[in-house]
Amino acid sequence: MLTRREALFGAAIGAAAVAAMPAFSTTAAQANIGTLARERIKLVAPPFVHPHDQVAKGAPKIIEFTMTIEEKPVVIDADGTTLNAMTYNGSVPGPLMVVHQDDYVELTLINPDTNTLAHNIDFHAATGALGGGELTLVNPGEQVTLRFKATRTGTFVYHCAPGGSMIPWHVVSGMSGAIMVLPRDGLKDDKGKPVKYDSIFYIGENDFYIPRDEKGNFKSYETAGDGYDDVIKVMRGLIPTHVVFNGKAGSLTGDNAMKAKVGETVLIVHSQANRDTRPHLIGGHGDYVWEEGKFANPPAKDLETWFIRGGSAGAALYTFLQPGVYAYVNHNLIEAVELGATAHFMVEGEWNDDLMTQVEAPKPVATN
Amino acid sequence: MPLHIPRFASVAMAAAVIPVGLSMQAVGDRGGDRQPYSAAPPAAMTVSLLPGSIVYPMPGEFLKDGRPQRNPRLSRQFNKPLEIMTYQVSAADYADCVAAGGCQPPQEARAIPDDAPVTGVSYLDANAYARWYSEATGDHWRLPSDEEWAFAAAERFTGEFEGVEDDADNPARRWLTSYKAEVALNRRPDPLPRSRGSFGVNSRGLADLSGNVWEWTSTCYVRATLAADGIGVASSIDNCGVHVVEGFHRTYMSNFVSDGKSGGCAVGTPPDNLGFRLVRDRPGWAKRILSRLGLI
């Protein structure tokens, strides 16, 4: 009988044989690859995004990224509940990658031998080979490099997909992120007029399924594999124990609240690799929202709440008009308040009385 | 009910005593005229505080000209001794009340030490315990009022997070500064209750104040409009469905809430846990004082 560890590796080795076939990456139509300029990007942890041009400069390039997979316990709420996380580049969610249409994304994915599981990456932005998943399965101690052409514009999820139950398990253990493929001439409003953002935040939303002991307390496990059976049982119930932004309840509040100023335009990219969600900016709106995240479609205007389908990423552009502390939530308010899906924006600036004013402060109800 | 907020200690006495008297009646004066239970629970350790005074920010929300104000500071004089539990009521103490049928089980599933403070208890639970414990011991026990708590907490008392900026043209400035003030405290959540005494003793000999268990008081939430002089109260509304909770910072919770994380504190750091300690009244003594002041 196989041990858990052997079983996990066994599954990995079968699929790894596919990855060993080099034929795919050396076939036709790549004559010009050697002539393209290369640019190396250093990824940064969410909610921040690496520096990038909104309008592309020059011809398509090969954009090189490196991501190192890290399996590690992470605390996901204020009570110290621990998830045996699997991460792209050490963060949950993985970093947002930004390129332009017709650029080539060249990712080196490293699985250090300190990890215990095989991993890969499926880019929803990529075409073929299960989004690259077939070509990128790496065991602990291996690395792989994949190149794909960013043919379609928009925000797209990427996630780990190492086969069978491993797929949802790795995803709800934190292995997802997003890539944004911008039109070469930048974003446009519904009338085709260029729009720009002053700052960008990437909010990855995760649903977690942490098993409980007989008293109802969350359990912790020495390794991810030790918790596998229990976690799968909770996952099958489809009711998450945690729904959080940026990997942890409260990770985008307080000290880590996002900052903006009145008059600034912010692009909020929101991804959910597994489950539907409905972002809402309390006291604000979505001026232009690409609900499905695909920039070839005109953005919807003046949205109150937008729907992000599980397995997709969307983008909302908003110019702050009023100062204050804003809550950005998943407007299933149970998930926002009880399960963790709340972030804050601190917005500085001058108050606009015309937009809102308290005509009369609370006082006792008038009686005769 | 209009309420005058006096400026000086000598006048403050009357205002200080009135809410205490009200809360005593609310709990019910069960004093010494009841037969104690045959198997009385162990007597709680208490500290008797000598009369003294504090400068005290009143709890609640205060408006003037329709704008939020800093909570008025009052000099409060306590002219009688205050006898208050040294420790918060423990999980084991509370379990006695549950076993005797006087209390609902706490909403607490975590493994915590028996001698840790009871947590997962609402205002209603705390009052049920006070009732049961009074009957069981034959003494009169009740929750402290907010000002009694502040007096007993001494240097451990913090009070409100208040927005420091008061800008008539920009209400957001206050929201932002109070949010930042809370962030600046840099207090990380500390969820698991610990054994009694883990948070040390204050200058008055009370243990575990302002640790990771917040404490219910008998004081109702109030919203008051200050008079033009900024001292008197023009009008006020009590909401006794919400009570003042004291600890590392002051907050306000609905009576039925037993988990601090789910009530109050819309933004920022909510209480880690909710618990309580009690005050013992000596009715004869209190009545003598009150009658001397002509209040009863």
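Residues numbered from 1 in each chain as written. Chains lettered and ligands numbered in written order. Predicted model: local features only at pLDDT ≥ 70, side-chain atom pairs only at ≥ 80, totals over all residues.

Draft legend 1. Here's a closer look at the overall build of chain A. When you go through chain A residue by residue, the secondary structure sums to four helices and 21 strands. For 368 residues, the compact-globule estimate of 2.2 N^0.38 gives 21 Å, and chain A sits close to it at 22 Å. Put simply, of all contacts in chain A between residues at least 6 apart along the chain, 75% involve residues at least 24 apart. (Helix = DSSP H or I, 4+ residues; strand = E, 2+ residues; numbered from the N terminus. Rg over C-alpha atoms; globule rule 2.2 N^0.38 Å. Contact = placed C-beta atoms within 7 Å.)

Draft legend 2. Summary view of the interface of chain B and chain A. Between chain B and chain A, the contact holds 20 residues from the first and 23 residues from the second. Those elements giving two or more residues to the side of chain B that touches chain A turn out to be helix H5 (171–185), strand S8 (214–226) and strand S9 (233–246) of chain B. Top contributing element to the side of chain B that touches chain A by residue count: H5(B), with six residues.

Draft legend 3. Expanded view of the pairing of strand S9 (residues 176–182) of chain A. Residue and element names in this part refer to chain A. The element S9 is largely enclosed, with a buried count of seven among its seven residues. Bridging between strand S4 (residues 96–100) and S9 involves five bridges; their strand directions are parallel. In the sheet register, His-100 faces S9, and the bridge partner there is Leu-182. (Buried ≥ 20, exposed ≤ 12 C-beta atoms within 10 Å, placed from the backbone. Pairing = 2+ DSSP bridges.)

Draft legend 4. Looking closely at helix H3 (residues 224–236) of chain A. All names here are of chain A. Spanning 13 residues, H3 covers 17 Å between terminal C-alpha atoms, matching the ideal 18 Å at 1.5 Å per step. Along H3, the largest kink reaches about 40° and is centred on Asp-230. Considered for burial, the residues of H3 that qualify are Ala-224, Gly-227, Val-231 and Met-235. The secondary structure elements touched by the buried residues of H3 are strand S2 (62–75), strand S3 (82–88) and helix H2 (166–171). Positive backbone phi, at 65°, marks Leu-238, one or two positions downstream of H3. (Expected span 1.5 Å × (residues − 1). Bend = angle between axes of the 7 residues up to and from the residue.)

Draft legend 5. Geometry of helix H2 (residues 91–99) of chain B. All names here are of chain B. For H2, every residue scored as buried is listed here: Ala-91, Asp-93, Tyr-94 and Cys-97. Projection of H2 onto a plane perpendicular to its axis shows the buried side chains occupying an angular sector of 160°, all on one side. For H2, the elements touching its buried residues are helix H3 (123–137). Of the residues trailing H2, Gly-101 is marked for its positive phi of about 85°. (Arc of directions from axis to C-beta.)

Draft legend 6. Structural detail: the nonpolar core. One finds A:Ala178, A:Ile179 and A:Val269 to be the most contacted residues of the largest nonpolar core, which totals 97 residues. Viewed by domain, this core spans two of them, domain 1 (4–182) and domain 2 (201–216 + 242–348) of chain A, each represented by three or more residues. Leaving out residues up to four positions away in the same chain, A:Ile179 has contacts with A:Met97, A:Phe123, A:Ala125, A:Phe156 and A:Tyr158. Core analysis: the next-biggest nonpolar cluster, separate from the first, contains 49 residues, B:Ile84, B:Ala116, B:Ala136 and B:Trp149 among them. (Core = buried A, V, L, I, M, F, W, Y, C linked by C-beta atoms within 7 Å. Domains from an automatic or database assignment.)

Draft legend 7. Molecular detail of the sheet that holds strand S12 (residues 279–281) of chain B. Residue and element names in this part refer to chain B. Read from one edge to the other, the open sheet built from four strands follows the order S1-S6-S12-S7, with strand pairing classed as antiparallel. The sheet terminates laterally at strand S1 (46–49) and strand S7 (140–142), the two strands that pair on one side only. With strand direction ignored, the average angle separating the axes of adjacent strands in the sheet is 35°. With two bridges joining them, strand S6 (residues 82–85) and S12 adopt antiparallel strand pairing. Pairing of Glu-83 across the sheet is with Arg-280, part of S12. Where helix H4 (residues 146–153) meets the sheet, its contacts fall on S1, S6 and S12, and the angle it forms with S6 comes to roughly 80°. (Axes fitted to C-alpha atoms, helices over the stretch in contact; angles between N-to-C directions.)

Draft legend 8. Fine view of the sheet that holds strand S14 (residues 258–261) of chain A. Taken together, four strands build an open sheet; the order of strands is S14-S21-S20-S16 (chain A) and the sheet is mixed. Bordering the open sheet on either side are S14 and strand S16 (279–281) of chain A, each of which pairs with just one other strand. Each strand of the sheet is rotated relative to its neighbour by a mean of 25°, with strand direction disregarded. As judged from the three bridges shared by S16(A) and strand S20 (residues 324–330) of chain A, these two strands associate in the antiparallel manner. Across the sheet, residue A:Leu281 finds its bridge partner in S20(A), namely A:Tyr328. Of the strands in this sheet, S20 and strand S21 (342–348) of chain A are in contact with H5(B), which crosses S20(A) at around 70°.

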